[in-house]
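Notes for the structure review
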Amino acid sequence: MFNDKAILITGGTGSFGKQLVKTLLSQYQPRKVIVYSRDELKQFEMAQEFNSPAMRYFLGDVRDRDRLRLAFQGVDYVVHAAALKQIPAAEYNPMECIKTNINGANNVIDVALEQGIDKVIALSTDKAVNPINLYGATKLAADKLFVAANNIAGAMKTRFSVVRYGNVVGSRGSVVPFFQKLIQEKATEIPITDPRMTRFWITLQQAVNLVLDSFERMQGGEIFVPKIPSMKITDLADALAPGIPTKIIGIRPGEKLHEAMFSEESSHLAIEFADHYVIKPTIEYTRVVDYSCNALGEKGVAVPEGFEYSSESNTEWLSGFQLLDILKL
Ligand SMILES: NC(=O)c1ccc[n+]([C@@H]2O[C@H](COP(=O)([O-])OP(=O)(O)OC[C@H]3O[C@@H](n4cnc5c(N)ncnc54)[C@H](OP(=O)(O)O)[C@@H]3O)[C@@H](O)[C@H]2O)c1
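Scoring rules and cut-offs
- Residues numbered from 1 in each chain as written.
- Predicted model: local features only at pLDDT ≥ 70, side-chain atom pairs only at ≥ 80, totals over all residues.
- Heavy atoms only, no water.
- Core = buried A, V, L, I, M, F, W, Y, C linked by side-chain atoms within 4.5 Å.
- Buried < 20%, exposed > 50% of the residue type's maximum accessible area, 1.4 Å probe, protein only.
- Contact = heavy atoms within 4.5 Å.
- Pairing = 2+ DSSP bridges.
- Helix = DSSP H or I, 4+ residues; strand = E, 2+ residues; numbered from the N terminus.
- Axes fitted to C-alpha atoms, helices over the stretch in contact; angles between N-to-C directions.
- Polar contact = N/O pair within 3.5 Å; in protein donor to acceptor, adjacent residues only side chain to side chain.
- Phe/Tyr/Trp six-rings, centres within 6.5 Å; stacked < 30°, edge-to-face > 60°.
- Near = heavy atom within 4 Å.
- Nonpolar A, V, L, I, M, F, W, Y, C, P; charged D, E, K, R; others polar.
- Right-handed = clockwise from strand over helix to strand, strands pointing away.

What follows concerns the nonpolar core. Counting residues in hydrophobic clusters, the biggest one holds 74 residues, and the most contacted among them are Phe16, Phe72, Phe146 and Tyr165. Not counting residues within four places of it along the chain, the set of residues in contact with Tyr165 comprises Phe16, Leu123, Ser124, Thr125, Asp126, Ile202, Ala207, Leu210, Pro226 and Met261. By size, the runner-up hydrophobic cluster in this structure holds 17 residues, among which are Val169, Val176, Ile190 and Ile192.

Pairing in this open sheet of 3 strands is mixed, and the strands run 7-9-11 from one edge to the other. At either margin of the open sheet sits one strand with a lone partner, and together these are strand 7 (167-168) and strand 11 (230-232). The pairing of strand 9 (residues 198-202) with strand 11 spans 3 bridges and is antiparallel. Bridge pairing in strand 11 links Phe200 to Ser230. With respect to the sheet, helix 9 (residues 233-240) is in contact with strand 9 and strand 11, its orientation differing from that of strand 11 by roughly 75 degrees.

What follows deals with the pairing of strand 9. With respect to burial, strand 9 is a largely interior element, 5 of its 5 residues being buried. The side-chain alternation of strand 9 yields two buried faces, one formed by Thr198, Phe200 and Ile202 and the other by Arg199 and Trp201. Bridge count for strand 7 against strand 9 is 2 bridges, and the pairing is parallel. When the bridges of strand 9 are listed, Asn167 appears paired with Trp201.

Turning next to the side chain of Arg217. Along the chain, Arg217 falls in helix 8 (residues 204-217). In this structure Arg217 comes out as buried when scored by relative accessible area, which is 8%. At 3.5 Å, the side chain of Arg217 forms a polar contact with the side chain of His276. If we skip the residues at most four places from it in the chain, Arg217 touches Glu222, Phe224, Asp275, His276, Asn294, Ala295, Leu296 and Glu298.

Counted according to the given criterion, the structure contains 13 aromatic pairs. Ring geometry for Phe262 versus Tyr277: centroids 5.3 Å apart, planes at 75 degrees, classification edge-to-face. Linking Phe262 in strand 13 (residues 260-262) with Tyr277 in strand 15 (residues 276-279), this pair joins segments that are 15 residues apart in sequence. Each member of the pair, Phe262 as well as Tyr277, carries the same accessibility label: buried.

The next point concerns unusual backbone geometry. Most peptide bonds are trans, and most residues other than glycine sit at a negative phi. Look at Asp4: it is not a glycine, yet its phi comes out positive at around 60 degrees. Here Asp4 shows up in the segment before strand 1 (6-10). Taking the relative accessible area as the measure of exposure, Asp4 reaches 53% and is therefore exposed. A positive phi angle, close to 60 degrees, is found at Lys186, a residue other than glycine. Residue placement: Lys186 occurs in the loop between helix 7 (175-184) and strand 8 (190-192).

What follows concerns the site of the ligand. Lining the immediate environment of the ligand, one finds 28 residues, of which Thr13, Arg38, Asp39, Tyr135 and Lys139 sit closest. One of the backbone N or O atoms of Gly11 is found 3.2 Å from an oxygen atom in the ligand. For the ligand, an oxygen atom lies 3.0 Å from a polar atom in the backbone of Gly14. Elements supplying a minimum of two residues to the shell around the ligand: helix 1 (15-27), strand 5 (119-125), helix 6 (134-153) and strand 7. In terms of residue count, the dominant contributor to the shell around the ligand is strand 5 (3 residues). A per-class count over the shell around the ligand returns 9 nonpolar, 12 polar and 7 charged.

Before going further, it helps to examine helix 9. With 6 of 8 residues buried, helix 9 is to be regarded as a mostly interior element. Taken together, the buried positions of helix 9 are Ile233, Thr234, Leu236, Ala237, Ala239 and Leu240.

Across the 7 residues that make up strand 6 (residues 159-165), a large majority, 7, are buried. Burial along strand 6 is two-sided: the residues Arg159, Ser161, Val163 and Tyr165 and Phe160, Val162 and Arg164 are all buried. In the sheet, strand 5 pairs with strand 6 via 7 bridges, with the strands oriented parallel. Pairing of Leu123 across the sheet is with Val163, part of strand 6. Traced from strand 5 through helix 6 to strand 6, the parallel crossover comes out right-handed. In this structure, strand 6 lies alongside strand 10 (residues 223-226), joined through 2 bridges in parallel fashion.

Treat this as a map of the structure, not an account of what it does.
Here you go:
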């Protein structure tokens with residue numbers, strides 16, 4: 001599917017983007033892989049690591065429609081990963097988060113339609129479900145824009161879908177590198193916000209594979225949600241820092257005790273497949289789509305009414321040993 005294709009990744013220098021580039025270059029023969037982001041240093045460093053003749057580095061902001069228009073010329077597939085994602089930064093700088101995560105998403109949609117891109121996948125997060133912080137709220141708004149874009153597309157060929165997942169093990173600024181830093185600094189206590197707290201966990205490679213698979217499965221309008229394990233924050237601390245006492249510091253602003261990939265209010269829209277769920281659009285398009293059978297012919301079944309896919313009630317759990325194995329890799 002990706003051989004001889006031109007793939008553009010907004011936010012291509014980020015954790016996800018880099019892993020996607022690595023995977024595309026090692027498993028396919030793409031015609032072009034275009035990284036679109038703002039910071040020249042990150043692009044310079046990435047170009048040292050990935051210097052295949054297929055690579056293109058494009059400085060640009062998703063807020064800048066004209067620049068996107070230039071970058072999208074001749075592109076087949078777009079992965080929209082660019083986002084501001086630090087929860088406190090979004091609370092203190094709300095308009096900056098809105099401009100990048102919402103206006104930027106809208107620009108990507110408009111330019112993708114204009115340039116006749118085949119398929120666009122936008123990355124979303126469990127924080128977009130019943131959001132309590134601005135980051136989550138902007139990602140929810142962006143999800144809505146991408147789902148509705150299939151309606152605007154009408155007879156045009158461009159299709160838009162969303163891939164939503166939970167915390168990435170070891171991603172920049174997340175709890176795993178934070179705990180690892182404390183351990184290195186010989187901390188005598190590990191801060192725990194709330195001992196009841198649970199999160200969904202996914203590896204970067206799983207997230208990349210999910211996005212690549214979703215390009216094959218998508219018909220436009222779906223939100224793809226992987227089946228992934230949960231872990232308690234206390235188990236995570238025990239695995240990373242065995243023997244170091246924990247200190248309860250209380251839940252931080254904008255944080256939830258548990259996250260959900262979709263809530264019980266959306267259960268009537270959710271379809272279960274072997275290794276993932278699909279959330280159907282709430283709106284109807286003029287074309288009729290049967291989301292219970294995807295573009296690969298895989299079939300799914302509706303989830304029971306009132307079912308919530310939450311990190312608290314998840315049936316799959318990550319053990320400390322499994323987490324350490326993932327980190328070793
Ligand atoms: N990490 C997680 O745990 C997680 C979980 C679920 C979903 N997600 C979603 O996955 C996506 C990728 O996350 P990530 O972990 O790879 O993030 P990341 O490492 O912080 O990378 C973000 C990327 O976006 C670029 N960017 C930021 N603002 C931009 C703008 N205005 N215009 C163009 N590029 C911009 C950044 O480069 P410059 O700063 O150089 O522009 C960087 O390349 C995000 O949409 C995020 O919401 C992440």
